[in-house]
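The residues making up each chain are set out below.
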Amino acid sequence: MSDKENYKNLKTFFDDEYHSLKAYTKSRIDNTADRDAEDIVQEVALQLFARADSQSPIDNIAGFVYRSIRNKIIDLMRKKKKETSIEEDMENRLF
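In this report, we go over the structure that sits alongside the text.

Conventions and cut-offs
- Residues numbered from 1 in each chain as written.
- Predicted model: local features only at pLDDT ≥ 70, side-chain atom pairs only at ≥ 80, totals over all residues.
- Heavy atoms only, no water.
- Helix = DSSP H or I, 4+ residues; strand = E, 2+ residues; numbered from the N terminus.
- Expected span 1.5 Å × (residues − 1).
- Buried < 20%, exposed > 50% of the residue type's maximum accessible area, 1.4 Å probe, protein only.
- Arc of directions from axis to C-beta.
- Core = buried A, V, L, I, M, F, W, Y, C linked by side-chain atoms within 4.5 Å.
- Contact = heavy atoms within 4.5 Å.
- Salt bridge = Lys/Arg side-chain N within 4 Å of Asp/Glu carboxyl O.
- Axes fitted to C-alpha atoms, helices over the stretch in contact; angles between N-to-C directions.
- Parallel < 35°, antiparallel > 145°, perpendicular 65-115°, else oblique.
- Left-handed = near helix turned anticlockwise from the far one by under 90°.

1. Thoughts on helix H2 (residues 37–50)
An ideal rise of 1.5 Å per residue puts 20 Å on 14 residues; H2 measures up with 20 Å between its terminal C-alpha atoms. Those residues of H2 that fall on the buried side of the exposure criterion are Ala37, Ile40, Val41, Val44, Ala45 and Leu48. Viewed end-on, H2 has its buried residues packed into an arc of 130°, placing them on one side of the element. Exposed side chains of H2 directed beyond 90 degrees from the buried face belong to Leu46 and Ala50.

2. Side note on the nonpolar core
Of all hydrophobic cores here, the largest spans 20 residues; its most connected members are Leu10, Phe14, Leu21, Leu48, Val65 and Ile69. Ignoring sequence-local partners within four residues, the contact set of Ile69 consists of Leu21, Tyr24, Thr25, Val41 and Val44.

3. A word on the pattern of salt bridges
Oppositely charged side chains are able to pair whenever their charged atoms sit close together. Following the criterion strictly, the structure yields three salt bridges and no others. The salt bridge partner of Lys11 is Asp15, with a shortest N-O separation of 3.0 Å. Pair noted here: Lys11 and Asp15 are both in helix H1 (residues 5–28), with a separation of four residues, about one helical turn. The closest approach of N and O atoms between Lys72 and Glu43, which form a salt bridge, is 2.9 Å. Separated by 29 residues along the polypeptide, Lys72 in helix H3 (residues 61–82) and Glu43 in helix H2 bring together distant segments of the chain.

4. Details of the environment of Ser27
Here Ser27 is to be found in helix H1. In sequence terms Ser27 and Ala37 are 10 residues apart; their C-alpha atoms lie 8.7 Å from each other.

5. Observations regarding the packing of H1 against H2
The N-to-C vectors of H1 and H2 enclose an angle of 155°; their axes lie 9 Å apart at closest approach. Comparing the axis directions of H1 and H2 gives the class roughly antiparallel. Seen along the crossing, H1 lies across H2 with a hand that is right-handed. The segment H1 lies against H2, with Tyr7, Leu10, Lys11, Phe14, Tyr18, Leu21, Lys22, Thr25 and Lys26 engaging Ala37, Glu38, Ile40, Val41, Gln42, Ala45, Leu48 and Phe49.

6. Here we look at the side chain of Lys72
Judged by relative accessible area, which is 16%, Lys72 ranks as buried. Ignoring anything within four residues of it in the chain, the contact list for Lys72 reads Ile40, Glu43, Val44 and Gln47.

Here it is in structure tokens:
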């Protein structure tokens, strides 16, 4: 398998399934107004394409991409939970 095979397979998958990926992402982050599903899909795509040729061959492209998106959403949710606003922090200190 050539080094460009992962890149080619990823490109084909994203071309064919982009709207489905956006819908999946939107369904997972529906309650968060500060994130856009398209932004998340594009961030994941950028990361996957950047390292596509340095990885071993990807056997299940769909599973790989959906798992990457799910992991990105989980990372964003964890990060959001750790962040608190100044107002909340001050209220907590007063009580």
